[in-house]
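Take a look at the letters that make up each chain.
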Amino acid sequence: MSVLKEFSSDNKFLRIVWCDNANIIRSKSLRLHSKANSIFYVGISKAQQAVPVIYDGVVPDSLLGPVGEVYLKADNSTITQLPYAPGHLRAMGDMYFNDEPWQYCTRGYLRRMVDHAGEYGLNIKASFENEFYLLKNSDNLESVDSTPFASTLSMDVNHEVIMDMVDSVEAQGMVVEQYYPEAGPGQQEITIGYDDVLRAADNQIMFRETVNAVALKHGIKASFLPKIFPDSSGSGCHLHMSLWKNGENITHDPSGKWKLSKEASYFIAGVLHHLPSLMAITTPISNSYKRIKPHSWSGKYKCWGLDNREASIRVVSEPDGSIKHFELKTLDAAANPYLALGAVIRAGIDGLDNKFKLPYPVQSDPGDIGDGERDDLGIEELPSCPVDALENLENNITIMNSLGKGLSAAYLAVKREEWRILKDLNMDEEVSCLIDRY
Ligand SMILES: NC(=O)CC[C@H](N)C(=O)O
């Protein structure tokens, strides 16, 4: 039976979507001539995994060139009607080469890491907490309002567009949990409920697509760029995660140290240990590092804390004191969600494998501790530019091996080319180059 049976026959196109190493969401669309088909694919060049965020061309040293095709096969379980684009359906694509999953596919990478966690009996759930700006347009960067954090006036100014975003997101099966205006002028936050990680990463793509499209329909512009205004709050995309076994959330253990289960403690220690390398993937462009500053709840220091919003990893308590999840703050929406989640999972599993010990939690603002004392406490500053993070990544055998030879080489090549170009731009030039990309 055709998988399209449940959708209206008015649909003319199926967008098969992929997110590349540069975190650009792209699609080729198949014209739907009949509803009989159940396998949908389009061909793309292998070189698509070697394209930087700035231009449509193949970067050097990526091991990829103009020769060679892969096909992008729709994951039929993700087919969704697009509420903001009548006549279009969307499916997430998986890249195949010679009828095998292609090693460079970022969605395939996350699938591999999900399987890896499964070998430990672990099922991981996650959600991305997006902040984004609403602008009158992207040319002169005029915000839709100039209101402060959680302003009800901002809610009223942006009521129609936000309600349309929420309806559109929910129509695609995501669960909206909260909405509030964030601290920057025109900055907003809509949070989505957690899900299995592959679905959570797909949700991140669907969310960005929807917010951007709905804003356009309302004659304004949304942007997830991490830092648009030098003197206003940046847009993070904090990653919330919980560990599950046999259908139960095992993050919490009332008798565990800091009320964490052994698994959660090792996992968090693994993520912390690898964070200076992970940042090459979780905060991947020059603009990302302009957001990560002390006193901005963005995770500038390599530390964790209990309910500490300045720590890069915050263990979150529930009203009854239990712990259901933890949050990685050092992540933004310039990160490819499949790569970011996959690499974070690999880091956490390394913590489990090696029984990494969690250091003492930091229960103050690490930005307020003097440099010397911070050193004594073992709290390191995290990388302050992509090139340092990329070097850490390149030397990190655990994460590099998990990516595999081809994907890691292409990723590093793309990111180094982006840095080569972006490092010489001033902030205005950088923002105008990137504002429409995320
Ligand atoms: N409310 C918040 O958590 C603020 C987060 C902050 N805007 C960031 O960049 O990460």
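Rules used in this analysis
Residues numbered from 1 in each chain as written. Predicted model: local features only at pLDDT ≥ 70, side-chain atom pairs only at ≥ 80, totals over all residues. Heavy atoms only, no water. Salt bridge = Lys/Arg side-chain N within 4 Å of Asp/Glu carboxyl O. Helix = DSSP H or I, 4+ residues; strand = E, 2+ residues; numbered from the N terminus. Buried < 20%, exposed > 50% of the residue type's maximum accessible area, 1.4 Å probe, protein only. Axes fitted to C-alpha atoms, helices over the stretch in contact; angles between N-to-C directions. Left-handed = near helix turned anticlockwise from the far one by under 90°. Contact = heavy atoms within 4.5 Å. Nonpolar A, V, L, I, M, F, W, Y, C, P; charged D, E, K, R; others polar. Phe/Tyr/Trp six-rings, centres within 6.5 Å; stacked < 30°, edge-to-face > 60°. Lys NZ or Arg CZ within 6 Å of the ring centre and 35° of its normal. Core = buried A, V, L, I, M, F, W, Y, C linked by side-chain atoms within 4.5 Å. Domains from an automatic or database assignment. Polar contact = N/O pair within 3.5 Å; in protein donor to acceptor, adjacent residues only side chain to side chain. 1 Å grid on protein atoms, 1.4 Å probe; cavity = no way out; pocket = protein on both sides within 12 Å on 5 of 7 lines; lining within 4 Å. Points joined across faces, edges and corners; volume = space filled by probe spheres on them. Buried area = accessible area lost by both parts, 1.4 Å probe. Near = heavy atom within 4 Å. Areas by Shrake-Rupley, 256 points an atom, 1.4 Å probe, with all protein chains shown as cover. Sits in = over half its atoms within 2 Å of the grid points.

### Regarding the pattern of salt bridges
Pairs can form between side chains of opposite charge whenever their charged atoms are close. By the definition in use, this model includes 21 salt bridges. Here lysine 415 makes a salt bridge to glutamate 418, at a shortest N to O gap of 2.8 Å. One end of the pair is lysine 415 and the other is glutamate 418, both in helix α11 (residues 405–422) and 3 residues apart, which spans about a single turn. Of the two residues, lysine 415 and glutamate 418, both sit in the buried class. Between lysine 423 and aspartate 424 there is a salt bridge whose closest N-O contact spans 3.6 Å. Of the residues examined, lysine 423 reaches a relative accessible area of 41% and is grouped as partly exposed. Aspartate 424 gets classed as exposed once you look at its relative accessible area, which sits at 58%. Three or more residues are tied together by salt bridges with common partners; here these are Asp75, Asp94, Arg107, Arg111 and Asp202.

### Describing the packing of helix α3 (residues 159–171) against helix α4 (residues 197–217)
Interaxial distance between α3 and α4 falls to 9 Å at its minimum, and their mutual angle equals 140°. Along this stretch, α3 crosses α4, giving a crossing that reads as right-handed. Contact with α3, carried on its side by Val161, Asp164, Met165, Ser168 and Val169, involves Phe207, Thr210, Val211, Val214 and Ala215 of α4 and no other residues of that element. Of the residues in the contact of α3 with α4, the class split is 7 nonpolar, 2 polar and 1 charged.

### Considerations on the packing of aromatic side chains
All chains considered together, the criterion is met by 12 aromatic pairs. When the ring of phenylalanine 132 is compared with that of phenylalanine 224, the centres are 5.4 Å apart and the planes differ by 40°; the resulting orientation is tilted. In this pair, phenylalanine 132 is assigned in strand β8 (residues 123–137) and phenylalanine 224 in the loop between β13 (221–223) and β14 (237–245), connecting sequence segments 92 residues apart. Exposure remark for phenylalanine 132: the relative accessible area of 0% places this residue in the buried category. Each ring, one from tyrosine 133 and one from phenylalanine 229, has its centre 5.4 Å from the other, and the planes form 70°; the classification is edge-to-face. Linking tyrosine 133 in strand β8 with phenylalanine 229 in the loop between β13 and β14, this pair joins segments that are 96 residues apart in sequence. Of the two residues, tyrosine 133 and phenylalanine 229, both sit in the buried class. Feature note: the residues Tyr41, Tyr71 and Tyr96 constitute an aromatic cluster, connected by ring pairs. The ring of tyrosine 360 has lysine 257 sitting right over it, with the charged end atom 5.5 Å from the ring centre.

### Things to note about the nonpolar core
In globular proteins that are soluble, nonpolar side chains generally tend to be buried together. Counting 134 residues, the largest nonpolar core has Leu134, Met165, Met241, Leu341 and Ile345 as the members making the most contacts within it. Split by domain, the residues of this core number at least three in each of domain 1 (13–102) and domain 2 (113–434). Setting aside its immediate chain neighbours within four residues, isoleucine 345 contacts Leu110, Met113, Ala117, Ile124, Val197, Met241 and Phe267. In this structure, Tyr301, Cys303, Ala311 and Val362 belong to the second largest nonpolar core, which totals 6 residues.

### So, the side chain of glutamine 172
With respect to the secondary-structure elements, glutamine 172 resides in the loop between α3 and β10 (176–181). A distance of 2.9 Å separates the side chain of glutamine 172 from the side chain of threonine 210, its partner in a polar contact. If sequence neighbours within four positions are ignored, glutamine 172 has contacts with Thr80, Gln81, Leu82, Pro83, Tyr84, Arg90, Arg199, Met206 and Thr210.

### Section: the layout of surface pockets
Of the volumes computed, that of the largest pocket is approximately 970 Å³. Contributing to the lining of the largest pocket are 41 residues, with Glu129, Glu189, His240, Arg314 and Glu327 lying nearest its centre. At the level of elements, β8, β10, β11 (187–192), β14, β17 (311–317) and β18 (323–328) are the ones that each hand at least two residues to the lining of the largest pocket. A class-by-class count of the residues in the lining of the largest pocket yields 11 nonpolar, 16 polar and 14 charged.

### Brief notes about the domain arrangement of the protein chain
The assigned domain composition of the protein chain is domain 1 (13–102) and domain 2 (113–434). Taking the mean C-alpha position of each, domain 1 and domain 2 sit 25 Å from one another. Between domain 1 and domain 2, the contact holds 28 residues from the first and 32 residues from the second. Buried area between domain 1 and domain 2, both sides added, is near 2400 Å², and the carbon and sulfur share of it is 66%. Among the residues of domain 1 in contact with domain 2, Asn21, Asn23 and Tyr84 are the three that bury the most area, contributing 27% of the side total. At the boundary of domain 1 and domain 2, one finds 0 salt bridges. Here domain 1 and domain 2 share 9 residue pairs in polar contact (both at pLDDT 80 or more) between them. Of all elements in the fold, only β1 (13–19), β5 (80–81) and β6 (88–97) reach the threshold of two or more residues within the side of domain 1 that touches domain 2. By residue class, the composition of the side of domain 1 that touches domain 2 is 18 nonpolar, 7 polar and 3 charged.

### Notes on the side chain of aspartate 202
Its place among the elements puts aspartate 202 in helix α4. When near neighbours in sequence (up to four residues on either side) are disregarded, aspartate 202 contacts Thr78, Met92, Arg107 and Tyr338.

### What to know about the site of the ligand
The full set of residues close to the ligand is Glu131, Glu182, Ser233, Gly234, Gly236, His238, Arg291, Ser296, Trp297, Ser298 and Lys329. Residue glutamate 182 places a side-chain N or O atom 2.8 Å away from a nitrogen atom belonging to the ligand. Interatomic distance of 2.7 Å between a side-chain N/O atom of arginine 291 and an oxygen atom of the ligand. Surface burial for the ligand is 94%, taken as the share of its 300 Å² of free accessible area covered by protein chains. Judged by its atoms lying within 2 Å of the grid points, the ligand is housed in the largest pocket. Of the residues that constitute the shell around the ligand, the class distribution is 1 nonpolar, 6 polar and 4 charged.

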